[in-house]
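Spelled out, the chains give:
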Amino acid sequence: MYEMRAEFDPDATGGPENTSSSLALLWHVISKEDNQMALCGQQLAQTVHESLVAGGHAATERCCSPCLAVVRASMQAAEVQVGAAQPVRS
């Protein structure tokens, strides 16, 4: 299972200084090896995530496409391995 962490969405209006209801969040998937790094390579700040979740005032949220692509590839690889381990039935 993967954990996700929210950051300010750099492609949307707003940022760390924006405390209005128009704040936008971008959710990243956290690396299992390093909980400060997203699968897309983005360095994550725990303090930003905690303040965003506690504030609960994001107008829009989206998921990081590169992070989700890594998860998708990992799941597909696991499915291939499971399929290869199954005995062939005739």
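Refer to the preceding data block for the structure.
Residues numbered from 1 in each chain as written. Predicted model: local features only at pLDDT ≥ 70, side-chain atom pairs only at ≥ 80, totals over all residues. Heavy atoms only, no water.

A. Representation of the overall build of the chain within the structure. Looking only at helices and strands, one finds two helices and three strands in the chain. Each helix and strand of the chain, ordered N terminal to C terminal, gives the series β-β-α-β-α. Buried residues in the chain amount to 26% of all 90 residues. The long-range fraction of contacts in the chain, counting pairs at least 24 apart against all pairs at least 6 apart in sequence, stands at 59%. Accessible surface, the chain: about 6,100 Å² in total, of which carbon and sulfur atoms supply 56%. (Helix = DSSP H or I, 4+ residues; strand = E, 2+ residues; numbered from the N terminus. Buried < 20%, exposed > 50% of the residue type's maximum accessible area, 1.4 Å probe, protein only. Contact = heavy atoms within 4.5 Å. Areas by Shrake-Rupley, 256 points an atom, 1.4 Å probe, with all protein chains shown as cover.)

B. Focus on the packing of aromatic side chains. The full count for this structure, using the stated rule, is zero aromatic pairs. Taking the ring centre of tyrosine 2 as reference, the NZ or CZ of lysine 32 above it sits at 4.4 Å. (Phe/Tyr/Trp six-rings, centres within 6.5 Å; stacked < 30°, edge-to-face > 60°. Lys NZ or Arg CZ within 6 Å of the ring centre and 35° of its normal.)

C. A look at the sheet that holds strand 3 (residues 60-63). Ordered by their spatial adjacency, three strands build an open sheet running 1-2-3, and the pairing between neighbours is mixed. Of all the strands in the sheet, just strand 1 (4-8) and strand 3 have a single pairing partner and so form its edges. The average undirected angle you get between the axes of adjacent strands in this sheet is 30°. (Pairing = 2+ DSSP bridges. Axes fitted to C-alpha atoms, helices over the stretch in contact; angles between N-to-C directions.)

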